[in-house]
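# Geometric and topological summary
Okay, here's what each chain looks like letter by letter:
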Amino acid sequence: MTLNSLNVVLFGVILLLAVGFYGLLITRNLIKIVLVLQVLVKAVVIALVLAGKQSGNLGLGQSIAATVIVADTVVAVVALALAVQVRRHTGTLDLSKISTLRG
Amino acid sequence: MAGILIGLVIGLPWLGALVLWQTRDENPRLQHTLAVAFSIAAGVASLALIPFASAETAISIPMGHYFGELTFTADGLAVALTAIACVIGSLAVIFSVDYMQGEEQLSRYYAFVLLFIGAMAGLVLSGNLLFMFFFWEITALCSYALISFYNDDPKAVAGGIKALIITQVGGVGLLAGALTTYAVLGSYQVSDLLAKAETMPAGLLTLIAFGFLIAAAAKSAQFPFHTWLPDAMEAPTPISALIHAATMVNAGVYLLARFYPAFQHVAGWTLAVTIVGLVSALITAFMALTATDLKRALAYSTVSQLGYMVYAIGVGGVFASQFHLLSHAVFKALLFLSAGAVIHSAGTRDMRRMGALGKQMPFVRNVFILGALALAGLPILNGFWSKELILEAGLSEGPLWAYVGMLLGAGMTAFYTLRMTWIVFFGEARESLHVHDAGKAMKVSLGLLALGTLTTWLLAGPFGEMLDETLPFHSIHNLNLSELANEIFTAPATYVALAMVALGLAIFWLFRKQATAKSEAWMDILSRESFGFDWLNGQVAERTVQFASVLQKTQTGVLSWNVVGILGALLAVLIFLVWSA
Amino acid sequence: MIEILYYLLLSLGAAFCAYRAMISRHLLPSALYLACVSALSTVILYMLGAYEVAVIELSVGAGLVTVLLVYALSVVGDDSFDPASIIPKPLAFLLVAAIAVMVGWMAYPLASQPAVNGEVLLADVLWKHRALDVWVQVALIFSGVLGVLGLLSEKVQREEMPKHENQTAVENEAISIQMEQEIPV
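Cut-offs used in this document
- Residues numbered from 1 in each chain as written.
- Chains lettered and ligands numbered in written order.
- Predicted model: local features only at pLDDT ≥ 70, side-chain atom pairs only at ≥ 80, totals over all residues.
- Helix = DSSP H or I, 4+ residues; strand = E, 2+ residues; numbered from the N terminus.
- Contact = placed C-beta atoms within 7 Å.
- Nonpolar A, V, L, I, M, F, W, Y, C, P; charged D, E, K, R; others polar.
- Domains from an automatic or database assignment.
- Buried ≥ 20, exposed ≤ 12 C-beta atoms within 10 Å, placed from the backbone.
- pLDDT = per-residue confidence, 0-100.
- Axes fitted to C-alpha atoms, helices over the stretch in contact; angles between N-to-C directions.
- Parallel < 35°, antiparallel > 145°, perpendicular 65-115°, else oblique.
- Left-handed = near helix turned anticlockwise from the far one by under 90°.
- Pairing = 2+ DSSP bridges.
- Expected span 1.5 Å × (residues − 1).

Scanning chain B from N- to C-terminus turns up 25 helices and two strands. Counting only C-alpha atoms, chain B reaches 80 × 55 × 50 Å along its principal axes. Restricting to contacts in chain B with at least 6 residues of sequence separation, those with at least 24 account for 81%.

So this is what it looks like as structure tokens:
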């Protein structure tokens, strides 16, 4: 088991992923789900840059990371707008209440 | 120069679409004027592009080495189809000025028409398979949106959805072919596929060839996908003329013609193409024999004529098919638009309620007859020349049984064409419909198309020459006009075909009472059910829905459980990867 | 060696902030903890040499997204509720732990190898090799803006409302006329 800077960062990435996944599983608040998704994407961005660094093609890793950030921000914006609308129309942000709504 | 013109041909209609999308519906005059201006500008640009036809890549925009280049090539095949799309597009828009008078939501209508014209030009000019797919899907989207233009009519909405779903099946075929090409050659360039087809593994080339055949059949409404086109007739008539007769449905034929050199040695491909063309031509001609809806009858005849073009490609007559495509685009647009003038003023599409309309609308009657004669294939109209070329190619290169079938189709075409004309314009009036002749804008576009029907066959020589010079991979059988006339008038096949046409006309004349009466005969019932293909479509849709409703039980609608499913699948994939490593 | 220590602290700090963001009862502290996660990961990115992405991450992740979250909270109100999870927590924990172990198992050998040297400029990759990505991003941002405009605007409803009012007004008038006619009878 050797410790170098890369696998320490990998450890951090896995921790962030784990927290993100766990949060995604147990949260019921719609806005908080958007928030947890952001945590997941942070992990992915670091992982992409890490992979770029490791394989000697940091430019490629960075460019894909930038694409992911853009895509994710658009997702966050639209998801938040949806959440706001859901709150306006149903009066709640609780997932289990929203999913039992019909029609 | 060619690059600028290509930019104009695609960019002008799209700019027009954007502008019209922003216009407000309170000012229809402005909308009509803008749409006509933009479409005519695109038409002029497309005509100006013709002299610049060459096999060289005209525009090449680098998209990075992972995606190749976005290229546009203005070769003979592409400029001809671009000109058809833009010129007939502008005529349809001019016609719409009268036809759509007083309709609401014109900005939506014109924006989609212009978006379609630009996308169609892009589709044929594109030299990159990925972008060809992109434009292909835009045309499908516009077709759907315009079929369902009257979106408070459930039939129009259903027809639009049907067209969208069926053409999407074809789109998947095109995408699969494009991705396979990239996987093998590492390039999306059309020219690479044509140049290196022989070096590709036979199995993968077969996959690409049949993927493209499925795409073409779905787009051109060929057997077994022919059921969407008749239902698409709920669209406003200028749309039927432009998209569902003159341009978009030709995209499938274009695709087959474009890649014919790459696929002609694939085992069974040309035979499959021939059979698809033959079966489509025959069964839809049969359905047209008893159709009572004027636009549906024309739609059946469109599928049938597209069948002729597909058949021509199957027997190797690429020039014959493209020449018939040109003729058909002109005379079928003429027929549809004059039918539109009739429907617009009579207020019905049911031929059983029409009759003896010829006296009240002489101009429309005259141009309709001209188009009908071209469709039946009578000399010296453009339909005659191209159909004879196809039949000749079929006789000399293709199997004899297919040729006999196509001859029979020519006879049926003559029969249903005369029947249609007779019921609408002659005979006795069945109902007292108050009709009036076409408006000024309608007359302009009808007149120009009638002129085209009379004269486009004169272009055969230059058209063949252009195709020959600018398509390095195709071997075009190039004839100038006098050689063409000589070949057609000395070949016995011509007289056989003409005899068949005469027979069709004679049979109609003898049995015109029965043929125009409403009948419940077996063939009538058979046609109304589209030979069971509608039932088949329904079954496929129903099974899909049933399967989906079974799967629906796994959807709780609770996000947390869905995430459990996603993570569980991720875990399974990870375990599999570690296991196999 | 000191570098490894930095990385370790930053990673642990980011994970801790993420954890606090997840368990916080109120949404506003959650948003602020998320900004912390973003700031810490920016430092990691910077130390790895990804200067450009670090800048984007800081301005977008820590700046824009936080502002958006706070704005959304101000619109809907920060109602603090923390209902019990739908999924049994042990199941969630086991699933996540298993995935973390598997990912670590797979990626550890790769990350333990010394980094390959080689430098490709981001600008080259972005504008030359992956030019299509840039176009797709432009389209994505455009559609995102359109989506938000469609979602947040109440224009459609406002346009329809007066129409209904007019209709009802006309109907009311018709009814009142009817009534007037009926009354004398």
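Structure's up, so let's keep going.
Scanning chain C from N- to C-terminus turns up seven helices and zero strands. Reading the helices (α) and strands (β) of chain C from amino to carboxyl end gives α-α-α-α-α-α-α. Sequence separation of at least 24 residues holds for 46% of the intrachain contacts in chain C that already meet a minimum separation of 6.

With that settled, consider the interface of chain B and chain C. With 17 residues of chain B at the interface, the matching set in chain C holds 15 residues. When residues in the side of chain B that touches chain C are grouped by element, the largest group, ten residues, is from helix α25 (residues 559-580) of chain B. For the side of chain B that touches chain C, the class distribution of residues is 13 nonpolar, four polar and no charged.

This part is about the domain arrangement of chain B. According to the domain assignment, chain B contains domain 1 (2-528) and domain 2 (540-580). A straight line from the C-alpha centre of domain 1 of chain B to that of domain 2 of chain B covers 42 Å.

So, on to unusual backbone geometry. Working note: non-glycine residues mostly have negative phi, and peptide bonds are mostly trans. Residues and elements named next belong to chain B. At the junction of F223 and P224, the peptide bond is cis and its omega measures out at 0° in the coordinates. Mapping P224 onto the fold places it in the loop between α8 (202-219) and α9 (228-231). Even without being a glycine, A221 presents a positive backbone phi close to 55°. Mapped onto the elements, A221 comes out in the loop between α8 and α9. Its 29 C-beta neighbours within 10 Å are what place A221 among the buried residues.

Glancing now at the environment of Q113(C). Mapping Q113(C) onto the fold places it in the loop between α4 (89-112) and α5 (122-129). Residues Q113(C) and V75(C), spaced 38 residues apart in sequence, show a C-alpha to C-alpha distance of 49 Å.

What follows covers the confidence of the model for chain C. Residue and element names in this part refer to chain C. Here chain C shows a mean pLDDT of 77. Residues at 70 or above account for 77%. Long-range and interchain partners of residues 155-185, a stretch whose pLDDT sits below 50, account for zero contacts in this model, where long-range means more than four residues apart. Listed scores for the predicted complex are pTM 0.78 and ipTM 0.89.

What follows is about the interface of chain A and chain C. With 66 residues of chain A at the interface, the matching set in chain C holds 75 residues. Contributing elements (two or more residues each) for the side of chain A that touches chain C: α1 (5-26), α2 (30-55) and α3 (58-90) of chain A. In terms of residue count, α3(A) provides more of the side of chain A that touches chain C than any other element does, 23 residues in total. Classifying every residue of the side of chain A that touches chain C by side-chain character gives 41 nonpolar, 19 polar and six charged.

Moving on to the packing of helix α11 (residues 250-263) of chain B against helix α14 (residues 318-346) of chain B. Residues and elements named next belong to chain B. The interhelical angle for the contact between α11 and α14, taken along N-to-C directions, is 160°, at an axis separation of 10 Å. Between α11 and α14, the crossing angle belongs to the class labelled roughly antiparallel. Where α11 crosses over α14, the handedness of that crossing is left-handed. Contact with α11, carried on its side by N250, V253, A257 and Y260, involves V318, S321, Q322, L325 and A329 of α14 and no other residues of that element. When the residues that make up the contact of α11 with α14 are grouped by side-chain class, the tally is six nonpolar, three polar and no charged.

Our next topic: the pairing of strand β2 (residues 69-73) of chain B. Residues and elements named next belong to chain B. Burial analysis of β2 places four of its five residues in the buried class, which makes it a mostly covered element. Across five bridges, strand β1 (residues 57-62) lies against β2 in antiparallel orientation. Bridging across to β2, T57 finds its partner in T73.

Let's shift gears to the packing of helix α6 (residues 154-185) of chain B against α8(B). All names here are of chain B. Axis separation between α6 and α8 bottoms out at 7 Å; the angle between their running directions is 155°. In terms of orientation, α6 lies roughly antiparallel with respect to α8. As α6 packs across α8, the resulting crossing turns out to be left-handed. Mapping the contact onto sequence places I166, T167, V169, G170, G171, G173, L174, A176, G177, T180, T181 and V184 in α6 and L204, L207, I208, G211, F212, I214, A215, A217, A218 and K219 in α8.

Turning our attention to helix α12 (residues 269-290) of chain B. Counted at 1.5 Å a residue, the expected span for α12(B) with its 22 residues is 32 Å, and the 33 Å between its end C-alpha atoms agrees. Burial runs high along α12(B): 16 of the 22 residues are buried.

In this model helix α24 (residues 533-552) of chain B runs 28 Å from its N-terminal to its C-terminal C-alpha over 20 residues, within 8% of the 28 Å that 1.5 Å per residue would give. Counted residue by residue, α24(B) has zero buried out of 20 residues, so it is predominantly exposed.

All names here are of chain B. Along the chain, Q305 turns up in helix α13 (residues 294-314). Linking Q305 and S280, residues 25 residues apart in sequence, is a C-alpha distance of 8.8 Å. Other than its neighbours up to four places away in sequence, Q305 contacts H328 and K332.

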